[in-house]
Amino acid sequence: VRLVESGGGLVQPGGSLRLSCAASGIIFTISALGWYRQAPGKQRELVAAITGGGINVADSVKGRFTISRDNAKNTVYLQMNSLKPEDTAVYYCNVRAKGGPMEYDYWGQGTQVAVSS
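Here is what the cut-offs are and how they apply
Residues numbered from 1 in each chain as written. Predicted model: local features only at pLDDT ≥ 70, side-chain atom pairs only at ≥ 80, totals over all residues. Heavy atoms only, no water. Helix = DSSP H or I, 4+ residues; strand = E, 2+ residues; numbered from the N terminus. Rg over C-alpha atoms; globule rule 2.2 N^0.38 Å. Pairing = 2+ DSSP bridges. Axes fitted to C-alpha atoms, helices over the stretch in contact; angles between N-to-C directions. Core = buried A, V, L, I, M, F, W, Y, C linked by side-chain atoms within 4.5 Å. Buried < 20%, exposed > 50% of the residue type's maximum accessible area, 1.4 Å probe, protein only. Contact = heavy atoms within 4.5 Å. Disulfide = S-S within 2.5 Å. Salt bridge = Lys/Arg side-chain N within 4 Å of Asp/Glu carboxyl O.

A. Quick look at the overall build of the protein. Looking only at helices and strands, one finds zero helices and 11 strands in the protein. In the protein, the succession of α and β elements from N to C terminus is β-β-β-β-β-β-β-β-β-β-β. Against the globule reference of 13 Å for 117 residues, the protein gives a C-alpha radius of gyration of 14 Å, in line with a compact fold. With the principal axes as the frame, the protein shows a C-alpha extent of 50 × 30 × 25 Å.

B. Seen up close, the sheet that holds strand E8 (residues 75-80). If you walk across this open sheet you meet the four strands as E1-E3-E8-E7, and the pairing is antiparallel. Of all strands in the sheet, those bounded by a partner on one side alone are strand E1 (2-6) and strand E7 (65-70). Sheet twist, expressed as the mean angle between neighbouring strand axes with direction ignored, is 15°. Examined bridge by bridge, E7 and E8 share six bridges and lie antiparallel to one another. Bridge pairing in E8 links Ser-68 to Tyr-77.

C. Local environment of the nonpolar core. With 29 residues, the main nonpolar core has Leu-3, Trp-35, Val-47, Phe-65, Leu-78, Met-80 and Tyr-91 as its most contacted residues. Put simply, the parts of the chain that give this core at least two residues each are strand E3 (17-24), strand E4 (29-38), strand E5 (45-51), E7, E8, strand E9 (89-99) and strand E11 (111-115). Among the elements that line this core, the one with the most residues is E9, at five residues. What Phe-65 contacts, discounting residues up to four positions off in sequence, is Arg-37, Val-47, Leu-78, Gln-79, Met-80, Asn-81, Leu-83, Asp-87 and Tyr-91.

D. Looking closely at the state of the cysteines. Here the structure, examined in full by the defined rule, presents one disulfide. The residue that forms a disulfide with Cys-21 is Cys-93, at a sulfur-sulfur distance of 2.1 Å. The sign of the S-S torsion, about -75°, decides the handedness of the disulfide formed by Cys-21 and Cys-93: left-handed. Of this pair, Cys-21 sits in strand E3 while Cys-93 sits in strand E9, placing them 72 residues apart in sequence.

E. How the structure looks around the pattern of salt bridges. Taken as a whole and judged by the stated rule, the model has five salt bridges. For Glu-45, the salt bridge goes to Arg-37, with nearest N and O atoms at 2.7 Å. Residue classification places Glu-45 among the partly exposed positions, given a relative accessible area of 35%. We note a salt bridge from Asp-87 to Arg-37, for which the minimum N-O separation is 3.0 Å.

F. Representation of the environment of Tyr-106 in the model. By the element assignment, Tyr-106 lies in strand E10 (residues 102-107). Considering only alpha carbons, one finds Tyr-106 and Cys-93, 13 residues apart in sequence, at a separation of 8.2 Å. When near neighbours in sequence (up to four residues on either side) are disregarded, Tyr-106 contacts Val-1, Leu-3, Ile-26, Phe-28, Cys-93, Asn-94, Val-95 and Ala-97.

G. Molecular detail of unusual backbone geometry. At Asn-74, a position not held by glycine, the phi torsion is positive, near 50°. For Asn-74, the position within the fold is in the loop between E7 and E8. Among the residues examined, Asn-74 registers a relative accessible area of 44% and is labelled partly exposed. Even without glycine at this site, Ser-82 takes up a positive phi of about 50°. Mapping Ser-82 onto the fold places it in the loop between E8 and E9.

Pasting the structure below:
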């Protein structure tokens, strides 16, 4: 299984970035696709996820971040607008898959997002 992330970088407050995560090698049924982030000294937190029940978005990014997927490309995106310094973190792509009674979590390598003037 391979999750390849791209799109991170340094941006000024108010700017935008688009993260991409291309998945390959997953043989089980994908039950959720999501983005998490981890800032220095903090726990990893959910940013946004697409599940069978719909889309979940953290309150802290609601109205600014949008998660989407392209099934044909096995890719999930995170469009981040109106970025704030507090959005600075390493962003991780997550794919959750189900194989029979088992559930598997796959993680990308992480991509740094830094918001600073």
